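# Report on the structure
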Amino acid sequence: MTRAMAQDPRQQPARRNSFLPANLPQERWGLLMPAAVALALLLIVAMVALLLFSMGGAFSIYEGAHKLSHPEPLENPWIAIGVLAFGFILEAWSLRGCIREIREKAGNVSLWRYFRESRESELIVVMGEDIAALAGLALALGAVLLSMITGNPAYDAWGSIAVGSLLVIIAVFLGIEI
């Protein structure tokens, strides 16, 4: 490299990762990158598990308590049933895909053992979310059907509280496992 090239920054070879400190060799950074990506993924997954499920659960519990204190009859229960049934089908399809992916990675290990020993937190969260969604959809569908059959909107309120409680329980369980 000539002296003129050393003084002109446009002539210097570009660093592959220009955001790295100048004194950190590329070889050392390459060893740190997988750990940094894994840590970032773990933090994102933990935030989803704890925030999304717990906050969604808390809101559902609040909504159920509000419905109990101010009961209103269901409007268009058939639309609610159709939406819940369609959601159940989609979530079952998603769970099937997740289990297929786990089976490819886990081999002959049981799902429970894979869930307890795996370091692949994204698959655990997807599976937990799918199971929670299916259970929640089943609870909501049962509550809507009971409210529709009996004409008592309290069943819908209790269904909201049950779904919210389920979401909070799943958030705690995923938080412990991750």
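Residues numbered from 1 in each chain as written. Predicted model: local features only at pLDDT ≥ 70, side-chain atom pairs only at ≥ 80, totals over all residues. Heavy atoms only, no water.

Looking now at the pattern of salt bridges. Where side chains of opposite charge bring their charged atoms close, a pairing between them can arise. Counted by the stated rule, this structure contains two salt bridges. D156 is the partner of K67 in a salt bridge, and the nearest nitrogen-oxygen pair spans 3.0 Å. Within this pair, whereas K67 is found in helix α2 (residues 26-69), its partner D156 is found in helix α6 (residues 154-177), the two being separated by 89 residues in sequence. Relative accessible area serves as the criterion here: at 24%, K67 is assigned to the partly exposed category. A salt bridge links E101 to K105, with the nearest nitrogen and oxygen atoms 4.0 Å apart. Taken together, the positions of E101 and K105, both in helix α3 (residues 77-106) and four residues apart, correspond to about one turn of that helix. (Salt bridge = Lys/Arg side-chain N within 4 Å of Asp/Glu carboxyl O. Helix = DSSP H or I, 4+ residues; strand = E, 2+ residues; numbered from the N terminus. Buried < 20%, exposed > 50% of the residue type's maximum accessible area, 1.4 Å probe, protein only.)

Here the focus is the nonpolar core. A general feature of soluble globular proteins is that nonpolar side chains tend to end up buried together. Judged by nonpolar contacts, the single largest core of 23 residues is most densely connected at F53, I102, M127 and L174. Within the residue set of this core, elements represented by two or more residues are α2, α3, α4 (111-117), α5 (121-150) and α6. Counting residues per element, this core draws most heavily on α5, at eight residues. Residues contacting L174, with those up to four places away along its chain left out, are A49, F53, F115, I124 and V125. (Core = buried A, V, L, I, M, F, W, Y, C linked by side-chain atoms within 4.5 Å. Contact = heavy atoms within 4.5 Å.)

By themselves, these figures tell us nothing about what the structure is for.
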